[in-house]
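Structural overview for review
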Amino acid sequence: KAGVTQTPRYLIKTRGQQVTLSCSPISGHRSVSWYQQTPGQGLQFLFEYFSETQRNKGNFPGRFSGRQFSNSRSEMNVSTLELGDSALYLCASSLVIGAAYEQYFGPGTRLTVT
Amino acid sequence: QKEVEQNSGPLSVPEGAIASLNCTYSDRGSQSFFWYRQYSGKSPELIMFIYSNGDKEDGRFTAQLNKASQYVSLLIRDSQPSDSATYLCAARNTGKLIFGQGTTLQVKP
């Protein structure tokens, strides 16, 4: 079974631009979560989507948004980029069976804002 | 106070020894707990999850959970140089995974 895929893997943008990142979850997984990882702040939760609905949201400004499509693929958008948005953006897909919950990460998108 | 706390390390152990990684969490509503391993430049890889008090073993790895003490640990038996990585502890509550800052483990040959 294929793992979580993310595109693009690397991205360089300029301050003020916007960016869209894409994530395809593991087949059969309906939940997709996004995280930002930086050396200073570690792994921080951005949001989670399930069946095309945002189910949870972290403490990030409104410049960070996302959506999920009917095939469970998800996109994340960051508008008006700031230097501090430079980070590794990780997508994770989750499978919930009863009380069991397993979350698997994709390879990430390394975003550099100059 | 951070919701999930880990000692950043580095924790250094000789090859073949037991590595013990610890994690505490502040939210008593946390329902399940996860250990991830992250190699430099790579994404986190799920090692184990645990929901119930006590021990859970998987190969060389044992996760321990004590909800009364709000404490989770990961033991790695027969540590190998290939185990050298950052180990992330996460707690799940209301659907979100909250991660600790991670502990760097160095296994020396």
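Residues numbered from 1 in each chain as written. Chains lettered and ligands numbered in written order. Predicted model: local features only at pLDDT ≥ 70, side-chain atom pairs only at ≥ 80, totals over all residues. Heavy atoms only, no water.

A word on the sheet that holds strand 1 (residues 4–5) of chain B
What links the strands of a sheet is backbone hydrogen bonding, and the strands pair in either a parallel or an antiparallel sense. Residue and element names in this part refer to chain B. The line we're drawing: The pairing criterion is simple: DSSP has to find at least two bridges between the two strands. Working definition: helices are DSSP H or I runs of at least four residues, strands are E runs of at least two. Numbering for both runs from the N terminus.
If you walk across this open sheet you meet the five strands as 1-3-8-7-6, and the pairing is antiparallel. In the strand order of this sheet, the two ends are held by strand 1 and strand 6 (54–58), each with one partner. Strand direction decides the pairing type here: strand 3 (residues 19–25) and strand 8 (residues 71–76), joined by six bridges, are antiparallel. By the bridge assignment for strand 8, Ala19 is matched with Ile76.

Quick word on the environment of B:Leu75
Residues and elements named next belong to chain B. Stated formally: Whether two residues touch is decided by their heavy atoms; if any such pair falls within 4.5 Å, the residues are in contact.
In this fold, Leu75 is placed in strand 8. Between the C-alpha atom of Leu75 and that of Ala63, which follows or precedes it by twelve residues, the distance is 6.4 Å. Setting aside its immediate chain neighbours within four residues, Leu75 contacts Ile18, Ala19, Ser20, Arg60, Phe61, Thr62 and Gln64.

Overview of the pairing of strand 8 of chain B
Residues and elements named next belong to chain B. Inspection of the sheet shows strand 7 (residues 61–66) paired to strand 8 by six bridges, in the antiparallel sense. When the bridges of strand 8 are listed, Leu65 appears paired with Val72. Linkage of strand 7 to strand 8, two consecutive antiparallel strands, is achieved through a turn of four residues, within which Gln70 is found at a positive phi near 55 degrees.

Some points on the sheet that holds strand 3 (residues 19–24) of chain A
Residues and elements named next belong to chain A. Formally: Angles here are taken between N-to-C directions and fall from 0 to 180 degrees, while the axes themselves are lines fitted to C-alpha atoms, restricted in helices to the stretch in contact.
Read across the sheet, four strands follow the order 1-3-8-7 without closing on themselves; strand pairing throughout is antiparallel. Sheet topology places strand 1 (5–7) and strand 7 (64–68) at the edges, where each strand pairs with a single neighbour. Here the average twist between neighbouring strands, direction ignored, is 20 degrees. Here strand 7 pairs with strand 8 (residues 74–78) via five bridges, running antiparallel. Residue pairing for strand 8: Ser65 is matched across the bridge by Asn77.

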